[in-house]
Amino acid sequence: MIRRGFQAVIRLGHHRVLPGAPHILPRLNRTSAFGSSTDSLVSRFCLEKTDLKDYALPNASWCPDMLNLYQEFLEKTKTDGWIKLPSFKSNRDHIQGLKLPFGLAATSDKSDWRIFTRCLQVEGQGYEYVIFFHPSKKKSICLFQPGPYLEGAPGFAHGGSLAAMMDETFSKTAYLAGEGLFTLSLNIRFKNLIPVGSLAVLNVDVEKIEDQKLYMSCIAQSRDQQRVYAKSSGVFLQLQLEEELSQ
């Protein structure tokens, strides 16, 4: 999360001009460069033709609960409006051409850079997960199986790994539901430990969208909903960029 840097951008935006730069202002503009409709965002995020590896596909490390629930939601993509999100190694692959605020542009485009939750390449050792998104309901379900490299207390997932997984699910949901790009706040209350190698189901809902912010909630629980692992809330900033006035 880059909250401090983004707070600076927001403060500068309130003064309408970024020092030493053309006018590139955070604002709510429903006709952004990417079109901003949910369908448009989903189509850009879920590339139909690509040679990129999709890490959100079953592999030999997935436990039976994760495989079974994956198949259930895969069926729902045919009848109930759910969409399985692909998961590439970098957000650069998902959102190609995305313009960040002036000063936050990446200085390099190294091909070996990875999103944090896809940084471990050995199957089953780190983050195994898949996210399903429902456009009209503005909600997501994430199936998360923590591997042994995410251990905290012996035999159980580190709380930070669940926090990262919640933030990742929030971020994908925020972008697809309303072009939310950056985490402003993330609050978590842990309830129970997740055994390594077991399934946690993250239910994410967009509660409201107002003042260029998406307010979201998440409950992480066991498949049978009998054990709650954590509850969280998050706020994401919608960032629409004006064209540079100097061009």
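Preceding this paragraph is the structure being described.
All figures in this text were calculated on a predicted structure; none of them were measured in a lab.

1. Description of the overall build of the protein chain
Per the secondary structure count, the protein chain includes 5 helices and 9 strands. Starting at the N terminus and ending at the C terminus, the protein chain contains elements arranged as α-β-α-α-β-α-β-β-α-β-β-β-β-β. Per-residue burial for the protein chain yields a buried fraction of 45% across its 247 residues. In the protein chain, 70% of the contacts between residues at least 6 apart in sequence involve partners at least 24 apart.

2. Regarding unusual backbone geometry
A positive phi is found at Asp211, a non-glycine position, where the angle reads about 55°. Within the element layout of this structure, Asp211 appears in the loop between strand E6 (200-210) and strand E7 (213-221). A relative accessible area of 63% places Asp211 in the exposed class.

3. Focus: the sheet that holds strand E2 (residues 83-85)
The antiparallel open sheet is built from 7 strands, whose spatial order is E2-E3-E4-E6-E7-E8-E5. Strands at the two margins of the open sheet, each flanked by one partner only, are E2 and strand E5 (180-190). On average, each strand axis in the sheet is inclined to that of its neighbour by 25°, with strand direction left out of account. Bridge count for E2 against strand E3 (residues 127-134) is 3 bridges, and the pairing is antiparallel.

4. Observations concerning the pattern of salt bridges
Tallied over the entire structure, the rule returns 7 salt bridges. Among the salt bridges present, the one from Lys139 reaches Asp205, with a minimum N-O distance of 3.6 Å. Here Lys139, found in strand E4 (residues 139-146), pairs with Asp205, found in strand E6; they are 66 residues apart in sequence, far enough to count as distant. Under the relative-accessibility criterion, Asp205 is labelled partly exposed at 26%. One salt bridge in this structure joins Lys172 and Glu168, with 2.4 Å as the shortest N-O distance. Taken together, the positions of Lys172 and Glu168, both in helix H5 (residues 159-178) and 4 residues apart, correspond to about one turn of that helix. Each member of the pair, Lys172 as well as Glu168, carries the same accessibility label: buried. One connected set of salt bridges, linked through shared partners, spans Asp65, Glu72 and Arg223.

Conventions adopted
Here, residues in each chain are numbered from 1, in the same order as that chain's written sequence. The predicted nature of this model means local features are confined to residues of pLDDT at least 70 and side-chain atom pairs, given and counted, to a pLDDT of 80 or more, with totals for whole chains, interfaces and linings taken over all residues. Only hydrogens and water are set aside; all other atoms, that is, all heavy atoms of the structure, feed into the side-chain values. Numbering of helices and strands starts at the N terminus; helices are DSSP runs of H or I of at least 4 residues and strands are runs of E of at least 2. Accessible area is worked out with a 1.4 Å probe on protein chains only. A residue is then buried under 20% of its type maximum, exposed over 50%, and partly exposed in between. The contact criterion used is simple: two residues touch if any of their non-hydrogen atoms lie within 4.5 Å. DSSP calls a pair of strands paired once it identifies at least 2 bridges connecting them. Axis definition: a line fitted to C-alpha atoms, over the contacting stretch in the case of helices. Angles run 0 to 180 degrees between N-to-C directions. Salt-bridge detection follows one rule: a side-chain nitrogen of Lys or Arg within 4 Å of a carboxyl oxygen of Asp or Glu.

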